[in-house]
Amino acid sequence: MKHLLKLLDLTSDEIIEILNLADQLKYEQKHGIPHLLLKGKTLGMIFEKASTRTRVSFEAGIYQLGGQGLFLSSQELQMGRGEPIQDTARVLSRYLDGIMIRTYKQDDVEKLAQFGEIPVINGLTDFAHPCQVLADLMTIREYKNKLEGLKLCWIGDGHNMANSLTVGCLKVGMDVSLACPAGFHPAEEVLQFAKDYDNFELVSEPTIAAKDADVLVTDVWASMGQEEEMEKRRVAFKGYQINDELLKLAKPDAIVMHCLPAHREEEITTAVLEAHANVIFDEAENRLHAQKAVMVKLMNN
Ligand code: CP
Ligand code: NVA
């Protein structure tokens, strides 16, 4: 594993190895056991979109590993004035030991990896959010003590989170049931991957997806970059909400997750979010541990 661009590139074993290392690093951090595995290393963090969790967890994470993070707003880089990714990749490779990038096009992340000589980590594109899903799998395993055979229910937009959850969950042996409105289905590449799995379904009715689910997940109706479509999306996504009524269809011990930020009373009610806050904020915390594991795997050579 040279990069983390999308979960489609990882084997099931590689995903499990990251989760195991993440558990170990979490244990060590909680017990005050230092793990300066990336001493002297620098991670560049390019942001073309806003972030709270990704930025702070990567920056704190690399510091806890003995290295340092460099926040690079794309607006302040020459990239923001049109310097090609190919050149940015080759230049940054001369200074840094790894790059995390949050941007729009998946292709830009792939190019950064292709033209650079250092590991590239996808911190969210319109296509994928692999770091979030590694943290999500880690969280599910913490609460359920296993992954294989559990049913994941997705309610909402077939965007980056749905794409990565589908791939990640299928790769670790979970059943995946997505409820997405017409016109908001996951990416074709993901559907192509999923079509070989008979434990995958894409439906339009949230009640079907939620039936007997162990884990229910949702995300905002309008993602970063889609703000102008908000009104249209409010109409299309009406009813695509995790609420108490929907939860009654899931297993009694089902957990609810959300990558955050959440829009209360849109994709999730305040009552459900608050009732499942323990899981949701553990999920946010696990970004730190999962990403530390990814950095160690990629940058500790
Ligand atoms: N979940 C997530 O990626 O959060 P941020 O946008 O705050 O980084
Ligand atoms: N789907 C959301 C996830 C935010 C972490 C977005 O892309 O804005």
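In short, a report on the structure. Every residue gets a number counted from 1 within its own chain, in the order that chain's sequence is written. Working convention: letters from A go to chains and numbers from 1 go to ligands, in the order in which they are written. Reporting in this predicted model follows two pLDDT cut-offs: at least 70 for local features of residues, and 80 or more for side-chain atom pairs to be given and counted; totals over whole chains, interfaces and linings ignore these cut-offs and use all residues. Heavy atoms from the whole structure form the basis of all side-chain values; hydrogens and water molecules are not counted.

## Some points on the site of ligand 2
- We define proximity as follows: a residue is near a molecule or strand when any one of its heavy atoms falls within 4 Å of that partner. Around ligand 2, a shell composed of Leu124, Asn160, Asp219, Ser223, Met224, Cys259 and Leu260 is seen.
- Pairing of N or O atoms within 3.5 Å defines a polar contact, subject to two protein rules: one partner must be a possible hydrogen donor and the other a possible acceptor, and residues neighboring in sequence count only if both atoms are side-chain atoms. Contacts to ligand 2 include Asn160, whose side-chain N or O atom sits 2.8 Å from an oxygen atom.
- Note that a nitrogen atom of ligand 2 is positioned 2.5 Å from one of the side-chain N or O atoms of Asp219.
- Note on areas: Shrake-Rupley with a 1.4 Å probe; residue coverage comes only from the protein chains shown. A total of 270 Å² of accessible area belongs to ligand 2 in isolation, and the protein chains cover 95% of it.
- Cavities and pockets were defined on a 1 Å grid built from protein atoms only: a cavity is a group of points that admits a 1.4 Å probe but offers it no way out, a pocket is an open group of points flanked by protein on both sides within 12 Å along at least five of seven lines, and a lining residue is one with an atom within 4 Å of any such point. Just a note on the criterion: a molecule sits in a pocket or cavity if more than half of its atoms are within 2 Å of the grid points. For ligand 2, the cavity whose grid points lie within 2 Å of the majority of its atoms is the largest pocket.
- By the convention adopted, Pro, Cys, Tyr, Trp, Phe, Met, Ile, Leu, Val and Ala count as nonpolar, Lys, Arg, Asp and Glu as charged, and the other residues, Gly among them, as polar. Partitioned by chemical class, the residues of the shell around ligand 2 number four nonpolar, two polar and one charged.

## Structural notes on the site of ligand 1
- Taken together, the neighbourhood of ligand 1 is formed by Ser51, Thr52, Arg53, Thr54, Arg102, His129, Gln132, Cys259, Leu260 and Arg287.
- The side chain of Arg287 places a nitrogen or oxygen atom 3.0 Å from an oxygen atom of ligand 1.
- For ligand 1, the protein covers 96% of the area, taking 250 Å² as the surface of the free molecule.
- Cavity membership is defined here by more than half of the atoms lying within 2 Å of grid points; on that basis ligand 1 lies in the largest pocket.
- Of the residues in the shell around ligand 1, the class split is two nonpolar, five polar and three charged.

## Regarding helix α3 (residues 85-95)
- For every residue, the accessible area obtained with a 1.4 Å probe (protein chains only) is divided by the maximum for its type, and the residue is called buried under 20%, exposed over 50%, and partly exposed between those limits. To qualify as a helix, a DSSP run of H or I must reach at least 4 residues; to qualify as a strand, a run of E must reach at least 2; elements of each kind are numbered from the N terminus. Inspection of α3 places Ile85, Thr88, Ala89, Leu92 and Ser93 among the buried residues, and these make up the whole buried set. Around the axis of α3, the buried residues are gathered within 130° of arc, so they sit on the same side.
- Between two residues, a contact is recorded if the distance between any of their heavy atoms is within 4.5 Å. Looking at the packing, one finds that the buried side of α3 touches β1 (42-47), β3 (98-102) and α4 (106-115). By construction, the arc corresponds to the directions joining the helix axis to the C-beta atoms.

## A few points about the packing of aromatic side chains
- Pairing of aromatic side chains requires ring centres within 6.5 Å, counting the rings of Phe and Tyr and the six-membered ring of Trp. Pairs whose planes differ by under 30 degrees are stacked, by over 60 edge-to-face, and all others tilted. Scanning all chains against the criterion turns up five aromatic pairs.
- A centroid spacing of 5.1 Å and a plane angle of 45° characterise the contact between Phe193 and Tyr197, whose relative ring orientation is tilted.
- Its relative accessible area of 18% is what places Phe193 among the buried residues.
- Take Tyr197: its relative accessible area is 27%, and that puts it in the partly exposed class.
- Through successive ring pairs, a cluster of aromatic residues spans Phe184, Trp221, Phe237 and Tyr240.

## Considering the packing of helix α5 (residues 130-144) against helix α12 (residues 277-299)
- To get an axis, fit a line to the C-alpha atoms, keeping to the stretch in contact for a helix; angles then go from 0 to 180 degrees between the N-to-C directions. It is at 7 Å that the axes of α5 and α12 come closest, and there the two elements cross at 120°. For the element pair α5 / α12, the angle class is oblique. Here α5 runs over α12; the crossing is right-handed. Of the residues in α12, those in contact with Cys131, Gln132, Leu134, Ala135, Asp136, Met138, Thr139, Glu142 and Tyr143 of α5 are Asn278, Val279, Asp282, Glu283, Asn286, Arg287, His289, Ala290, Gln291 and Val294. For classification purposes, an angle smaller than 35 degrees is called roughly parallel, one larger than 145 roughly antiparallel, one from 65 to 115 roughly perpendicular, and anything else oblique. The sense of a crossing depends on the near helix, which, turned anticlockwise from the far helix by less than a right angle, makes the crossing left-handed and, turned clockwise, makes it right-handed.

## Considering empty space enclosed by the protein
- Grid points are joined across faces, edges and corners, and a volume is the space filled by probe spheres set on the points. In total, this model carries one cavity of 30 Å³ or more according to the counting rule given.
- Counted as a void, the largest cavity has a volume near 50 Å³.
- Around the largest cavity, the lining residues are Lys6, Leu7, Leu8, Phe127, Ala128, Asn163, Ser164, Val167 and Val190.
- Element by element, the count of residues in the lining of the largest cavity is highest for helix α6 (residues 160-171), at three residues.
- In terms of residue class, the lining of the largest cavity is built from six nonpolar, two polar and one charged.

What is shown is where atoms sit, not what they do.
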